[in-house]
Amino acid sequence: MKARYLFLALTSAFLILPGLSHGQGRPQDGAARGSIGGTVLDAETAEPIASATVGLWRAADSSLVTGTITEQDGRFRLEGIRSGRYYVTVSFVGYATETIPDVAVEPGNLQIDLGTIRLVTDTQVLDEVEVAAERTPMQIQIDRTVYNVADAPVAIGGTATNVLETIPSIDVDVDGNISLRGSGNVAVLINGRPAPVSSEFIAAYLRQLPAGSIDRVEVIPNPSARYEPEGMAGIINIVLKQEAELGLGGTVVAGGDSRGGYNASGTFTYGRGPLNLALTYGFRQEKGGGGGSSFRINRYTDPLTYFDQDEDENEDETSHLVSLSGDYQLSARTTLNASAQAGFRNETQQEFTNFLVLDDAQSPFQHNRRLTVEGREGWNADFRLGLTHSFSGVSTRRAGGGGGGGFRGGRWGGFGGRGPAPSPGNNGSSHTLSIEARFDASANNNEDLFTERLGDSGDLLERQNAYTDREDQEFSLQIDYVRPLGPFRLEAGYKGDLESLYSDLYAESAEGEEPLTPDEGLINTFDYDQQIHAAYLQLARQWGALGVQAGLRAELANTTFTLQNTNESFDNDYQSLFPSAFLTYKISETTTLRASYSRRINRPRTWSLNPFPSFDDPLNIRVGNPSLQPEYIDAFELGYVQFTPWGSFTLTPYYRRTTNVIRFYQQVRDDGVTVRTFGNFATSSSSGVELITSLDARALLDGLSGYVSFEGFRMVTDGSNVDATFQNNAFGWGGRLNLSYGLGDVFGLGGDLDLQATVRYRAPMDTEQGRMGSFSWTDVALRQELLRGRASLTLRARDVLGTAGFRGIIDQPDLYNEFTREFGAQSVGLTFTYSFGQADRQNRRPMQRPEEGGGDFQPVEMD
């Protein structure tokens, strides 16, 4: 086997070197030269094969003329070819070599397109090197890392939140909020587009989205100028399954857990002729609980006083999500696509809180009990209509027919990022126009009822009710244009967003048994409008092993909001430029270097602007800051990617500098109430390194696959412009392990038994006001395939060690606070999955939608 690898490596080197030495330009003798191009695909899956070796041989004497390797999308081009007769060979490890005979370059036929070349699996080589048929769990691409989670046992029967919990670099807190590399300023995309809910409700939306509908997760830590600049830590793109097979197929899932929750979902697909349709429905009933504690020393009083608090909560949530998407090929050049999605949720939560106030000798002198009953109802809807047109006369269809799906399961898969991308079988055409209109709407009604009693006697002290109605609407229009421009690839586009938000709060309270009366100082109507207009331009070019891409996005934002009850109005208009640059250098077929820079923005969220207080806890209130400004970040990254016989290794040093940093901090009023609010700290910088090692199945240990990640970073924050004590210089680190092991057909049930474990750990770290404790979480899952892979039964245990939670300390001159939070996440769940029709094929692939994409950088070809 080693000898065969050595032979293939030497052959590749001899094929590539002559191409570099002969040059690609016009010869000195002035004779016209030709070119030969094509696209290499897997014959079975119709996916592009990257790094395949292409050789050009002279027909007369079989001497080698030149050679090259295919790009990420399987395309190749040999240029500077003299007139003559040749034959072409295409080879790649694990595939039989394909030979194209009788290739004639002659006047009048200088530009030769070999079309699609399909490589067939070499059975003998497969037996020798044990190439896996399934997709690798992690793929390294030029601007992102792709995690294939479609078959992850730990996520089956769960939600999108459970899937993200298994991904390196991503953290999910108790409320479902997402952070990337320790930063919560991350943009979440669905199929390359913004999620169909506002950022305040993204956590709730991800808890509605069934894990079984997700094909892969793309982590883009440093996005280019073509992407919207929100998301300081980068972008998480969740790509949903879109089956590409003809006929009718689908997958149904049903399960439950030990806490009393249950779920059911189904995905159904249909393709016939020019029409493709996909329908998904998911239902979820979730029950949970948790709690926490807080011990506080009020240092502003003399003598000191102490405050002790503990809390228990129970939560019951029901949600429905339905979506319908499809595309229709109007002609060979034009495809129309549309989608509609609606989600509904209903949540009830009860919190029991005990307050104990102690004197300077820590003897209790006041004990209160507070019951909070929260009821939340909401819905969200998303409608999209798009058109993609190819000017090259090649089909715009991304799936169906003979082309198949478009995602490469090997090392360097994927097409361009969000926007038009070439599809398999279209010979690499990249002159396209894409237009999409989108409308989002959501509404949420909250009812919060608070009752406070004396702890000993149970006498009623106070009642308070708060009712909130919120409506949010957003319309956007996006235009993306991609074409070759000489030796470059040009990308340009426009994005316009109009957003309107209306929030109405009514509050009433009473002491004891007195009638409820309006709280005039707390009643609030919040009206918010925002317009953003942006245009971007991006150029890319490939010089052999070197790839370069540079872009610039210009943006104009107009923001205004009013507090109708106080007749206050706040305007914030600003212009921004967002440059980006990428460099990649392919040292060899297995080693790549990359570098990138981008500038991004984090806009204040509406709840962080609204100055009216929260009602959850009268002694710990949250208020917004209407003067908050957006924060900007300049991000630099280097990357080293090495593929090995046992998987891959990625080393990524990075540096980020943020100005106008938005931070959440706490202070204490003279009456002892803790106020949590937001401010713009002066600067913050973060420098660190991330290491990710992936393990390929059967490379080290037969059946073992997964990844191990580690990150260490230093964060320096200067918030002295807000408070002289708000400064920090701290080191943090963490790691993650996600391993799967195939045990084979242990029980003779016609399918394999797989074991998967996920472990997360975050070390303690200093903050601007104190210190956060460590965090750890462990999940384990067993999946038994049934009915020859058409069905499966998965047993999943979450937080098996009961460690999910955290501790923290705030240590300031006027306040000392120790607090804990327990997630109450321990549970055992059982899920059954069944696939039917065309969708039950084990090697099925997702449909390549125009907006999904894989890598952001494209090699350039002349049209």
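Residues numbered from 1 in each chain as written. Predicted model: local features only at pLDDT ≥ 70, side-chain atom pairs only at ≥ 80, totals over all residues. Heavy atoms only, no water.

Engineer: Explain the environment of Gln784 to me, using residue names and the numbers behind them.
Structural biologist: Counting through the fold element by element, Gln784 comes out in strand 39 (residues 775-786). What makes Gln784 buried here is its relative accessible area of 9%. Between the C-alpha atom of Gln784 and that of Phe747, which follows or precedes it by 37 residues, the distance is 9.1 Å. Once residues within four sequence positions are removed from consideration, Gln784 is found in contact with Phe747, Leu749, Gly751, Asp752, Leu753, Ala791, Ser792 and Leu793. Here the side chain of Gln784 touches Gly751 through a polar contact of 2.9 Å, landing on its backbone oxygen. (Helix = DSSP H or I, 4+ residues; strand = E, 2+ residues; numbered from the N terminus. Buried < 20%, exposed > 50% of the residue type's maximum accessible area, 1.4 Å probe, protein only. Contact = heavy atoms within 4.5 Å. Polar contact = N/O pair within 3.5 Å; in protein donor to acceptor, adjacent residues only side chain to side chain.)

Engineer: With reference to specific residues and values, describe the sheet that holds strand 1 (residues 34-42).
Structural biologist: Taken in spatial order, the three strands line up as 4-1-7 in an open sheet, and their pairing is mixed. In the strand order of this sheet, the two ends are held by strand 4 (75-81) and strand 7 (111-119), each with one partner. Taken over all neighbouring pairs, the strand axes of this sheet differ in orientation by 20 degrees on average, direction set aside. (Pairing = 2+ DSSP bridges. Axes fitted to C-alpha atoms, helices over the stretch in contact; angles between N-to-C directions.)

Engineer: Any chance you could break down the sheet that holds strand 6 (residues 98-105) for me, citing the residues and the numbers?
Structural biologist: Whether parallel or antiparallel, the strands of a sheet pair through hydrogen bonds between backbone atoms. Read from one edge to the other, the open sheet built from four strands follows the order 3-2-5-6, with strand pairing classed as antiparallel. Unpaired on one side and paired on the other, strand 3 (64-69) and strand 6 mark the two borders of the sheet. Within this sheet the neighbouring strands show an average axis-to-axis angle of 20 degrees, counted without direction. Sheet topology note: the strand 5 (residues 84-91)/strand 6 ladder contains six bridges and is antiparallel. Counted as the bridge partner of Gly84 is Val105 from strand 6.

Engineer: Summarise the confidence of the model for the chain; cite the residues concerned and give the values.
Structural biologist: The predicted model of the chain averages 79 in pLDDT, with 83% of residues at 70 or higher. Between residues 1-29, whose pLDDT stays under 50, and residues either more than four places distant or in other chains, the model counts 37 contacts. With pLDDT under 50 throughout, residues 123-135 is counted as low confidence; its partners more than four residues away or in other chains account for 25 contacts. (pLDDT = per-residue confidence, 0-100.)

Engineer: Requested: an account of the pattern of salt bridges, with residues and values cited.
Structural biologist: Here the structure, examined in full by the defined rule, presents 25 salt bridges. Residues Lys287 and Asp316 are paired through a salt bridge, measuring 2.7 Å at the closest nitrogen-oxygen approach. Pair noted here: Lys287 is in strand 18 (residues 275-298) and Asp316 is in strand 19 (residues 305-329), with a separation of 29 residues, a long-range link. Here Lys287 falls in the partly exposed class, since its relative accessible area comes to 32%. For Asp316, a relative accessible area of 28% corresponds to the partly exposed category. (Salt bridge = Lys/Arg side-chain N within 4 Å of Asp/Glu carboxyl O.)

Engineer: Could you give an account of the pairing of strand 42 (residues 815-822), naming the residues involved and the relevant values?
Structural biologist: Burial within strand 42 is extensive, with six of its eight residues counted as buried. Sheet topology note: the strand 18/strand 42 ladder contains eight bridges and is antiparallel. Across the sheet, residue Ile297 finds its bridge partner in strand 42, namely Tyr816. Bridging between strand 41 (residues 805-812) and strand 42 involves eight bridges; their strand directions are antiparallel. Pairing of Phe806 across the sheet is with Arg821, part of strand 42. In this structure, the hairpin formed by strand 41 and strand 42 is closed by a connection of two residues.

Engineer: Got a sec to walk through unusual backbone geometry? Specific residues and values, please.
Structural biologist: Positive phi outside glycine occurs at Asn567, with the angle close to 55 degrees. Within the secondary structure layout, Asn567 lies in the loop between strand 27 (546-563) and strand 28 (568-588). Take Asn567: its relative accessible area is 73%, and that puts it in the exposed class. The residue Asn660 is not glycine, and still its phi comes out positive at about 55 degrees. For Asn660, the location among the structural elements is in strand 32 (residues 647-668).

Engineer: Could you give me a rundown of a negative patch on the surface, with the residues and numbers involved?
Structural biologist: A grouping of Glu462, Glu511, Glu513 and Glu514 is seen on the molecular surface, where their side chains present a negatively charged patch. Within the secondary structure, Glu511 sits in strand 24 (residues 488-511). Overall, Glu511 belongs to the exposed group, its relative accessible area being 63%. (Patch = residues over 30% accessible without salt bridge, like charges linked within 9 Å, V, L, I, M, F, W, Y side chains within 5 Å. Areas by Shrake-Rupley, 256 points an atom, 1.4 Å probe, with all protein chains shown as cover. Lys, Arg positive; Asp, Glu negative; His and termini not counted. Charge placed at Lys NZ, Arg CZ, Asp CG, Glu CD.)

Engineer: Run through the side chain of Thr794, naming residues and quoting values.
Structural biologist: Secondary-structure assignment places Thr794 in strand 40 (residues 791-798). With relative accessibility at 1%, the residue Thr794 sits in the buried group.

Engineer: I'd like a description of the pairing of strand 1, backed by residues and values.
Structural biologist: Of all nine residues in strand 1, nine are buried, a share of seventy percent or more. Neither face of strand 1 is left uncovered, since the one carrying Gly34, Ile36, Gly38, Val40 and Asp42 and the one carrying Ser35, Gly37, Thr39 and Leu41 both have all their residues buried. Sheet topology note: the strand 1/strand 4 ladder contains six bridges and is antiparallel. When the sheet's bridge partners are listed, Gly38 is paired in strand 4 with Phe76. Taken together, the seven bridges between strand 1 and strand 7 define a ladder with parallel strand orientation. Residue pairing in the sheet places Val40 in a bridge with Ile117 of strand 7.

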